[in-house]
Amino acid sequence: MQNNDPHHDRAPGAVSQPSVSPEKLPGIRHVIAVASGKGGVGKSTVSVNLALALQQLGGRVGLLDADILGPSIPVMLGLPTGQRPETTADQKIVPAERRGLKAISMGMLTGDDNPAILRGPMVGKYLKMFIGSVHWGQLDYLIIDFPPGTGDTQLTLAQSVPLSGAVIVTTPQDVSLKIARRGLRAFETLNVAILGLVENMSSFTCPHCGEDTDIFRRGGGERMSLELGIRFLGAIPLDADIVTGGDEGRPIVAEKPNSVAAQAYVAIATVLADRLEALPTTALGAFAWNWETNEEEPAWVESAVQPMGSPTTPVGFRRRDARTMSVLWEDGRRDDFDVRDLRLACPCALCVEEMSGRPLLDPKSVLPDVAPQTISSAGNYAIVFRWNDGHSTGIYTVKHLRALAERFAAKVVDDV
Ligand code: ADP
């Protein structure tokens, strides 16, 4: 028997159900996580300067400081702190605007010398608010400065937003690279594309003679990228101006655009923007699909099908009729799912006993006319159904969906 447990392939320590429901972010083209395996590698500095560099390339950019417990974006951008942000008539938070960037951070609410002392559930609550309730308007890029590490908060966050991909920041020391690798694996487990690796504080450029000195072993990030088959986006030198600029709300990309570091950021932003444009937009792009009206139906992209395509990457979803959802996979396979069969195959802890895999849902209790109300994407790795019987806790990973398709197909063959 196949293991259809959606938690089977999750990262160690991952929470089984996102406590923040997956939100669609309308009007935002690309959502980028900037993450690191540990704190202090310059992740927030990279987030701010990368945001400004993407803006210099003509993008409309927002910056979400998801480091609820240690927000540093307000200081780095020189944002007002300790003030309640304004809200719109429909109760959305208006982000601060600074140097053309839209930004929101917990530090804006609490003041930077008043660190937020919050328990886990509160962190989740604030993240949910920041993701779902900020009036971003139209953006080309939303950069999310992730909390450092790879614990539950990070994984829940990665599952809660439709990420285009993640940029991993590391410093060149071996230990930091090892930790970055762990962070990277966590994202991969959630089917979040790794957009590339940034090596920060890689070499020291002497402000007097302009000579480069490698403080740490050279090329660690590049070697690791090669080894793991991910893109090396570039290296940022160690630069004292980055520190003072960060402390005084004067990010180097805006203040010293001709410096080596600022130009390194712009070069990284250029590669990143190209990568994002080249991403298959069909690989389960974000959607919140109303099944009854077929409003916001996701894409169905036959041209994405390739003989060597991935068997677990859907490139199309379609409502064939009121009772049938069709899925097109990148390897060319098409599957028609009866929606009641999908309801019966709900993998959530209410329907399947978590430890033993024993079914808890009595098929007789599922009405013949059960149907989805909405189907929405959860990150890049799953879809979530809200059913007309009130059930909405099932997260169907794409792997689970493909396994179901194969099981149903095998059953049809057996029955013939
Ligand atoms: P993180 O978000 O990973 O905790 P920060 O962005 O807060 O790290 O950076 C930590 C410290 O390192 C800050 O003082 C910052 O100014 C400094 N820093 C970041 N990048 C560089 C760099 N390339 N050169 C010199 N200092 C840097």
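Note that this is a predicted model, so its numbers are computed, not measured. (Residues numbered from 1 in each chain as written. Predicted model: local features only at pLDDT ≥ 70, side-chain atom pairs only at ≥ 80, totals over all residues. Heavy atoms only, no water.)

Our next topic: helix H1 (residues 43-56). For H1, built from 14 residues, the straight-helix expectation of 20 Å at 1.5 Å per residue is met to within 8% by its first-to-last C-alpha distance of 20 Å. The buried count for H1 comes to 12 of 14 residues, which makes it a mostly enclosed element. Listing the buried residues of H1 in full gives Lys43, Ser44, Thr45, Val46, Ser47, Val48, Asn49, Leu50, Ala51, Leu52, Ala53 and Leu54. Of the residues trailing H1, Gly58 is marked for its positive phi of about 105°. (Helix = DSSP H or I, 4+ residues; strand = E, 2+ residues; numbered from the N terminus. Expected span 1.5 Å × (residues − 1). Buried < 20%, exposed > 50% of the residue type's maximum accessible area, 1.4 Å probe, protein only.)

Helix packing geometry: the angle between the two helix axes and the distance between the axes. For the pair H1 and helix H10 (residues 260-278), interaxial distance at closest approach is 8 Å and the crossing angle is 70°. Put simply, H1 runs roughly perpendicular to H10. Across from Thr45, Val46, Asn49, Leu50, Ala53, Leu54 and Gln56 in H1, the residues of H10 making contact are Tyr265, Val266, Ile268, Ala269, Leu272 and Ala273. Its residues placed into classes, the contact of H1 with H10 shows 10 nonpolar, three polar and no charged. (Axes fitted to C-alpha atoms, helices over the stretch in contact; angles between N-to-C directions. Parallel < 35°, antiparallel > 145°, perpendicular 65-115°, else oblique. Contact = heavy atoms within 4.5 Å. Nonpolar A, V, L, I, M, F, W, Y, C, P; charged D, E, K, R; others polar.)

The subject of this paragraph is unusual backbone geometry. Look at Gln91: it is not a glycine, yet its phi comes out positive at around 65°. Residue position: Gln91 is located in the loop between helix H2 (73-77) and strand S3 (96-98). Taking the relative accessible area as the measure of exposure, Gln91 reaches 58% and is therefore exposed. Positive phi is not limited to glycine here, since Asn294 has a value of about 65°.

Strand order in this open sheet of three strands is S11-S12-S13, and the pairing throughout is antiparallel. If you trace the sheet from one side to the other, it starts and ends with strand S11 (314-321) and strand S13 (334-338), each paired once. Averaged over all neighbouring strand pairs, the angle between strand axes comes to 20°, with direction disregarded. Where strand S12 (residues 324-329) lies against S13, five bridges are found, and the strand directions are antiparallel. Bridge pairing links Thr324 to Asp338 in S13. (Pairing = 2+ DSSP bridges.)

Attention now moves to the site of the ligand. In the region of the ligand, 16 residues are neighbours, and Gly40, Gly42, Lys43, Ser44 and Thr45 sit closest. Between Ser44 and the ligand, the recorded distance is 2.8 Å, taken from a backbone N or O atom to an oxygen atom. Relative to its unbound accessible area of 560 Å², the ligand is 81% covered by the protein chains. Among the elements of the structure, H1, strand S7 (194-205), strand S9 (232-238) and helix H8 (240-247) are those that each provide at least two residues to the shell around the ligand. By residue class, the composition of the shell around the ligand is eight nonpolar, six polar and two charged. (Near = heavy atom within 4 Å. Polar contact = N/O pair within 3.5 Å; in protein donor to acceptor, adjacent residues only side chain to side chain. Areas by Shrake-Rupley, 256 points an atom, 1.4 Å probe, with all protein chains shown as cover.)

Our next topic: the pattern of salt bridges. As enumerated under the stated definition, the model contains 13 salt bridges in all. One salt bridge in this structure joins Asp140 and Arg60, with 3.1 Å as the shortest N-O distance. Residue Asp140 is found in strand S5 (residues 139-145), and its partner Arg60 is found in the loop between H1 and strand S2 (61-65); the two are separated by 80 residues along the sequence. The partner of Glu255 in a salt bridge is Arg99, and the shortest N-O contact between them spans 3.1 Å. With a gap of 156 residues between them, Glu255 in helix H9 (residues 252-255) and Arg99 in the loop between S3 and strand S4 (101-105) connect regions that are remote in the sequence. Classification of Glu255 as partly exposed rests on a relative accessible area of 35%. (Salt bridge = Lys/Arg side-chain N within 4 Å of Asp/Glu carboxyl O.)

Pairing within the open sheet is antiparallel, and its four strands lie in the order S10-S14-S15-S16. Looking at strand neighbours, the two that pair on one side only are strand S10 (288-290) and strand S16 (395-397), the edges of this open sheet. Pairwise comparison of adjacent strand axes, ignoring direction, gives a mean angle of 20° for this sheet. Where strand S14 (residues 372-378) meets strand S15 (residues 382-387), six bridges bridge the pair, whose relative direction is antiparallel. Paired with Pro372 across the bridge in S15 is Trp387.

Let us now look at the confidence of the model for the protein chain. Confidence in the prediction for the protein chain averages 82 pLDDT; 85% of positions are at 70 or higher. When the elements of the protein chain are averaged for pLDDT, strand S8 (residues 212-213) gives the smallest value, 72, and H1 the largest, 97. In the model, residues 1-23 has pLDDT below 50 throughout and makes 57 contacts with residues more than four positions away in sequence or in other chains. (pLDDT = per-residue confidence, 0-100.)

Moving on, we get to the environment of Leu361. Inspection of the secondary structure puts Leu361 in the loop between helix H11 (339-344) and S14. Classification of Leu361 as buried rests on a relative accessible area of 19%. Dropping the residues within four chain positions of it, Leu361 is found in contact with Arg343, Leu344, Cys351 and Val366.

So, about the pairing of S13. Where burial is concerned, the two faces of S13 differ: the one with Asp335 and Phe337 is buried and the one with Arg334, Asp336 and Asp338 is not. Two successive antiparallel strands, S12 and S13, enclose a turn made up of four residues, where Gly332 displays a positive phi of approximately 100°.

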